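Okay, here's what each chain looks like letter by letter:
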Amino acid sequence: FVVFTDMDGTLLDHHTYSMDAAIPMLNRLKQLGIPVIPNTSKTYAEMRVLRETLGLDGPFCVENGAAIHIPHGFFEQKPPGTQWQDDHWVHQFCSRKHYWTNLLRQVKERYPDSFVGFSDMSLDDIVAATGLSPAQAALAAQRQYGEPVLWRGSEQQKQQFMDDLRQNGATPLQGGRFIHVSGDCNKGQALRWFMQEWRRQYPHKPCRSIALGDGNNDIAMLQAADVAIRILSPVNPPPTVQGHPHCLTSTLEGPAGWNEMLTQLLEQQV
Ligand code: 2M8
Ligand code: MG
Ligand code: MG
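Parameters at a glance
Along each chain, residue indices are assigned from 1 in the same order as the chain's sequence is written. Naming scheme: in the order in which they are written, chains are lettered from A and ligands are numbered from 1. Local features are withheld for residues below a pLDDT of 70 in this predicted model, meaning they are given only at 70 or higher, and side-chain atom pairs are given and counted only at 80 or more; totals for whole chains, interfaces and linings count all residues. Side-chain calculation: all heavy atoms of the structure are included, whereas hydrogens and water are not. For the purposes of this entry, the term helix denotes a DSSP run of H or I that reaches at least four residues, the term strand denotes a run of E that reaches at least two, and both are numbered from the N terminus. Both definitions apply: the radius of gyration is a C-alpha atom measure, and the globule rule equals 2.2 Å times residues to the power 0.38. Only protein chains enter the calculation, and the probe is 1.4 Å; a residue is then buried if its accessible area is under 20% of its type maximum, exposed if over 50%, and partly exposed in between. Any two residues whose heavy atoms approach within 4.5 Å are treated as being in contact. Accessible surface area values rest on a Shrake-Rupley calculation with a 1.4 Å probe, where residue burial reflects the displayed protein chains alone. For the charge count, each Lys or Arg is scored as positive and each Asp or Glu as negative, with His and the chain ends excluded. By convention, the charge on Lys lies at NZ, on Arg at CZ, on Asp at CG and on Glu at CD. One requirement defines pairing of two strands: DSSP has to find at least two bridges between them. Only a pair of cysteine sulfur atoms within 2.5 Å counts as a disulfide in this structure description. Whether a residue is near a molecule or strand depends on its heavy atoms: it is near if one of them lies within 4 Å of it. Throughout this description, a polar contact denotes any pair of N or O atoms lying within 3.5 Å of each other; where both atoms belong to protein, one of them has to be capable of donating a hydrogen while the other can accept it, and for residues adjacent in sequence the pair is counted only when both atoms sit in side chains. A cavity, in this analysis, means grid points on a 1 Å lattice covering only the protein atoms where a 1.4 Å probe fits yet has no way out; a pocket is instead an open set bounded by protein on both sides within 12 Å along at least five of seven lines, and a residue lines either one if it has an atom within 4 Å of a point. Assignment to a cavity or pocket requires that more than half of a molecule's atoms be within 2 Å of the site's grid points. Under the scheme applied, nonpolar residues are Ala, Val, Leu, Ile, Met, Phe, Trp, Tyr, Cys and Pro; charged residues are Asp, Glu, Lys and Arg; polar residues are all the others, including Gly. Either an automatic procedure or a domain database provided the assignment from which the domain bounds are taken. Take the buried Ala, Val, Leu, Ile, Met, Phe, Trp, Tyr and Cys residues and link them wherever side-chain atoms come within 4.5 Å; each set so joined is a nonpolar core.

Describing the overall build of the protein
For the protein, the helix and strand inventory stands at 9 helices and 13 strands. Relative to the 2.2 N^0.38 estimate, which gives 18 Å for 270 residues, the radius of gyration of the protein is 18 Å and therefore close to what a compact globule would have. In the protein, which comprises 270 residues, the share counted as buried stands at 53%. In the protein, of all internal contacts separated by at least 6 residues, the share reaching a separation of at least 24 is 60%. When the accessible surface of the protein is totalled, it reaches about 12400 Å², and 49% of it is carbon and sulfur. Averaging the locations of the 23 positively and 28 negatively charged side chains of the protein gives two centres separated by 5 Å.

A word on the pairing of strand β9 (residues 171-174)
On any regular strand, side chains alternate: one points to one face of the sheet, the next to the other face. With 4 bridges connecting them, β9 and strand β10 (residues 179-182) associate as antiparallel partners. Bridge assignment links Pro172 to a residue of β10, and that residue is Val181. From the end of β9 to the start of β10, which pair antiparallel, there are 4 residues.

Section: the state of the cysteines
Under the defined criterion, the tally for this structure stands at 1 disulfide. Covalently, Cys94 is tied to Cys185 through a disulfide, its sulfur atoms 2.2 Å apart. Between Cys94 and Cys185, the S-S torsion sits near -105°, and that sign places the bridge as left-handed. In this pair, Cys94 is assigned in the loop between β6 (88-92) and α3 (97-108) and Cys185 in the loop between β10 and α7 (187-201), connecting sequence segments 91 residues apart.

Here we look at the site of ligand 1
Inspection of the region around ligand 1 gives 16 residues, with Tyr17, Glu46, Arg143, Arg177 and His180 positioned closest. Here an oxygen atom of ligand 1 sits 2.6 Å away from a polar atom, N or O, in the side chain of Tyr17. Between ligand 1 and Gly176 there is a distance of 2.9 Å, counted from an oxygen atom to a backbone nitrogen or oxygen. Burial of ligand 1 by the protein chains amounts to 98% of its free accessible area of 410 Å². Structurally, ligand 1 is housed in the largest cavity. Split by residue class, the shell around ligand 1 holds 6 nonpolar, 5 polar and 5 charged. A domain split of the shell around ligand 1 shows at least three residues from each of domain 1 (2-93 + 185-269) and domain 2 (97-182).

Overview of the pairing of β6
Counting buried residues along β6, 4 of its 5 residues qualify, which places the element largely inside the surrounding structure. Bridge count for strand β4 (residues 67-71) against β6 is 5 bridges, and the pairing is antiparallel. Looking across to β6, one finds that Pro71 is bridged to His88. Note that strand β5 (residues 83-85) and β6 share 3 bridges and pair antiparallel. Paired with Trp84 across the strands is Trp89, a residue of β6. With antiparallel pairing between neighbouring strands as the criterion, β5 and β6 make up a hairpin whose turn holds 2 residues, including Asp86 at a positive phi of roughly 50°.

Things to note about the nonpolar core
One finds Phe4, Phe194, Trp258 and Leu262 to be the most contacted residues of the largest nonpolar core, which totals 57 residues. Here this core takes 6 residues from α7, the largest share from any one element. Excluding residues within four positions of it along the chain, Phe194 makes contact with Val2, Phe4, Ile37, Pro59, Ile68, Ile70, Phe74 and Phe75. By size, the runner-up hydrophobic cluster in this structure holds 14 residues, among which are Leu104, Phe115, Trp151 and Leu165.

See the structure below:
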């Protein structure tokens, strides 16, 4: 197995960002040699720090599947279409952030007071909107591929705004707090790219994917995985996964649900 996991609201508590309830299972997966691959809206800057805290040293995907980072040595060969950055091979699926901030500037004329993006928020604004510490908020602000937008208008207008963005070539994705505005990338595409590369490099080591997520921006990843696990959220209904042959839903929220469902799956394996 390979485990792909969302961070906020899944491996980390939606409100406190605590991962305590998931630590024993993370250690167990490490002992079993099962890779845990963060697949998150968070930035590369955030993930550098968070991976240390979680004790994870394998691949990870950032900014809703905009890029996947593969540490040197994880695969035997260099994955095709990747570039060397720090000590990782990086595959990018999206254009850079400024394209989307420019588009938002144009769209703003139609929804003048209804939204504010990360680029127009101060550090204090980001702290207030997320509950992150100032140091963490500074890392979240280092976006490379997209712009998180805080919606302040009505729900109906929000759907109109998202349609408007789609008509202009963007792919807006709803996260736990923000609408993430970026290009045609998603967490599912990043998962599929990784699994395809795994099969190419290790044709004799078959491997199945498990994905865990709590939000709408996780749907593509859940849909693409062999086993889809919906983690209960305190703020939104479970993401809608259609026609999946192996989709489960936790009874507990966040990291407790993460621990619950992976414990269940491991028990079924033995
Ligand atoms: C944002 O991502 C979450 C993901 O669900 C959201 O939309 O609520 C991003 O800005 C991320 O970088 C940040 O760490 C997170 C903090 O809640 O918010
Ligand atoms: Mg989430
Ligand atoms: Mg997320």
